[in-house]
Structures are given as structure tokens and as C-alpha cells.
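# A look at the structure
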Amino acid sequence: MNDIPLILKILSSILFFFSGLLWKKILSGMANYVLIIYRTLFSIIFLLIFQILFFRSSEYFSFSSLFQNGIREWFLSILICFFSFFGLYFFTKAIQEGRFMMVLPLSSLTSVFAVISAFLFFNQKPSIIQLSALLIILVSLGIHQFDKLRSFNIDKEIFFILLFAFFWGVSFTLYLIPINYFGPVNFSLILEFIVLISAWFILVKSEKRILPSKINKRTLIFCVLIGICVALGSLFSNIALSEVSVLTNVLTSLIFEAIVILIGLYHLGEKINYRDWLLIFGITLASIMIMI
């Protein structure tokens, strides 16, 4: 058995965990799209370095696929990347508006949207267990947001979590299409370029300026670190995407959920109530069920 995909999956989870924690430390009081621009510039640099160093290897690292695909393949891949950008945009908004210990555990909702999109795009039929998982999610969200729903409202924290989970969940299902066209390394690079362009468009539209505002040295260092985490995390995740078992995904998610909750409670001083616990438990359980 080849253990490389397993190792890469665990490493990508560690890197994404640290990137989320770093986002939490710099997003307060700053426009998320400005920080996305800085972080993406660094992630592109690191991916290019990695690409240049290893492009001679035929399995994962080759520039050739960039020139072997036609307009249709490029158009579809870029469209998927633009769609995926909003996952990052709303993830950073969720981190900005919400609690770290809620945002990261509830990101397991991405797997739910991934499975739902597989039903829609690839004509898969849901099992009784998967339908039960969807019911658990609806009930958990209904209980958690009961007071808000009575006035036809919803917490910003939950709203942004649902948005980024939707965009990323659907994107993860569709990633296999451009990965099949370009390979995991080239696709990671294309994705980051489209993220940069998307964030720049928002900057121009929102602030009527071409260049992002300057950031302080501490924030810049954090953006560099996030860039490294994202570059390697997305690269490792894309390589392992189709080769890691459901059990590995589940166990990895549960371990990091526990770590995130502990950090939120004891390091960030965030608070959690019984409805939060119920929602985390319900969505975690449903995420496990829906992948069976």
C-alpha cells in the first residue's frame, strides 16, 4: 500500500488548520480581500518555486499539460476556480465575524455539499443513511437558530459558514475535472492565480483603486506564513484527493475538530453554549454518515 497520499492528507490538514488560526489573528479590522491578495501572491510564489524545482518528474510535476489542453478545458477549469474563490472569501468573512472554534469544526459541512453536488452532477443516488444525515443537519441548524428563525433571521456566523461550505463543497467535487486536465500541481497554480484575480476585482470595485493598501510588518509575515500553508496544503490535498479513504478523512477531521475547540476555549478565550455543542455534534455526525 502506498502511504504517500495518507501522509499528504494529514499534512494538508495540519497546514490548513494553522492557516485558519493565522487568519483569525490578522482579519480583525481589515478588508478580507486585501489580505487574500497578499496571501495569494506569496502562495503563487511558493507554488512556482515548487513547480520549477520538480517539473521534470512525470507523475505530478509537469508543465506540459498547460499547453496540451484546449479552450474548452481552460474555460471550464477557470470557471470552477472562480466559483471556488467565494469559498475562501466567505471563509475569511466567517473567521472575521465568528468564532474560530465554530467556523473550523462546522467546515465539515463542505463534505455534505460535496456529496449533494455529486448526486446532482454525477447522477449518484443517496442512501437512506445519507438522507438521514441531511435531516440531522436541518434539525441541528433549526434548534441552533430557533430564536433567529422565528424572526426570519440567521446569525452572521452561521450564514457565512453555510456560504463557504456550499462554495467549497461543490468545488471539491468539481476539482477532479481540472485535476484530470492539468494535474494537481498545475491546477493548484491555476487556482491561486484565479483567486488573486478575483480578490483584485473586488478591490477595484469596492475601493476604486488598483493596488491594495499597505499592511504592517506583523500582518505581512502572517500573510507569508498563510501563503506557505495554503500553497503546500492545497498541493498535498489535490494530490491526495482521489486516493485517500473515507475513514482517513473522518478520523483526520475529528482529531482537528477537537484541537480547534480546545484552542478556541483556552487560547482565544471564546465561549460556547449547549446549542453550539449540539450543532457541532450534529453536523460532525451527519458528515460522517453522509460519506458512508
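Quantities reported herein were computed from a predicted structural model and do not represent experimental measurements.

## What about the packing of aromatic side chains?
Each aromatic ring pair is characterised by the separation of its centres together with the angle its planes make. For the structure shown, the criterion picks out 22 aromatic pairs. When the centroid spacing of 6.4 Å and the interplanar angle of 50° are considered together, the rings of Phe-17 and Phe-100 count as tilted. With Phe-17 in helix H1 (residues 4-26) and Phe-100 in helix H5 (residues 100-103), the pair connects residues that are 83 residues apart, well separated along the chain. The buried category is assigned to Phe-17, whose relative accessible area is 8%.

## As for the pattern of salt bridges
Summed over the entire model, instances satisfying the criterion amount to 4 salt bridges. In this structure, Glu-192 engages Arg-39 in a salt bridge whose closest nitrogen and oxygen atoms are separated by 2.4 Å. Residue Glu-192 is found in helix H11 (residues 184-207), and its partner Arg-39 is found in helix H2 (residues 32-54); the two are separated by 153 residues along the sequence. The pair formed by Glu-192 and Arg-39 is uniform in burial state, with each residue classed as buried. Among the ionic pairs, Arg-99 bridges to Asp-276, the shortest N-O distance being 2.7 Å. Here the residue Arg-99 occupies a position in the loop between helix H4 (71-97) and H5, and Asp-276 occupies one in helix H14 (residues 274-290), the gap between them amounting to 177 residues. Accessibility expressed as a relative area gives 2% for Asp-276, which makes it buried. Through salt bridges with shared partners, a single network forms among Arg-99, Glu-157 and Asp-276.

## Digging into unusual backbone geometry
Although it is not a glycine, Lys-208 sits at a positive phi angle of roughly 55°. Position of Lys-208 relative to the elements: it lies in the loop between H11 and helix H12 (217-240).

## Brief notes about a nonpolar patch on the surface
A contiguous nonpolar patch, built from Ile-197, Trp-200, Phe-201, Ile-210 and Leu-211 and spanning about 520 Å² of accessible area, is present on the exposed surface. Positionally, Phe-201 belongs in helix H11.

## A short note on the environment of Val-170
Relative to the helices and strands, Val-170 resides in helix H9 (residues 156-174). Taking relative accessible area as the criterion, Val-170 reaches 9% and is therefore assigned buried. The sequence separation of Val-170 and Val-115 amounts to 55 residues, and the corresponding C-alpha distance is 8.2 Å. Residues within four places of Val-170 in sequence aside, it is in contact with Phe-83, Phe-113, Ala-114, Ser-117 and Phe-121.

What counts and what doesn't
Residues numbered from 1 in each chain as written. Predicted model: local features only at pLDDT ≥ 70, side-chain atom pairs only at ≥ 80, totals over all residues. Heavy atoms only, no water. Phe/Tyr/Trp six-rings, centres within 6.5 Å; stacked < 30°, edge-to-face > 60°. Helix = DSSP H or I, 4+ residues; strand = E, 2+ residues; numbered from the N terminus. Buried < 20%, exposed > 50% of the residue type's maximum accessible area, 1.4 Å probe, protein only. Salt bridge = Lys/Arg side-chain N within 4 Å of Asp/Glu carboxyl O. Patch = residues over 30% accessible without salt bridge, like charges linked within 9 Å, V, L, I, M, F, W, Y side chains within 5 Å. Areas by Shrake-Rupley, 256 points an atom, 1.4 Å probe, with all protein chains shown as cover. Contact = heavy atoms within 4.5 Å.

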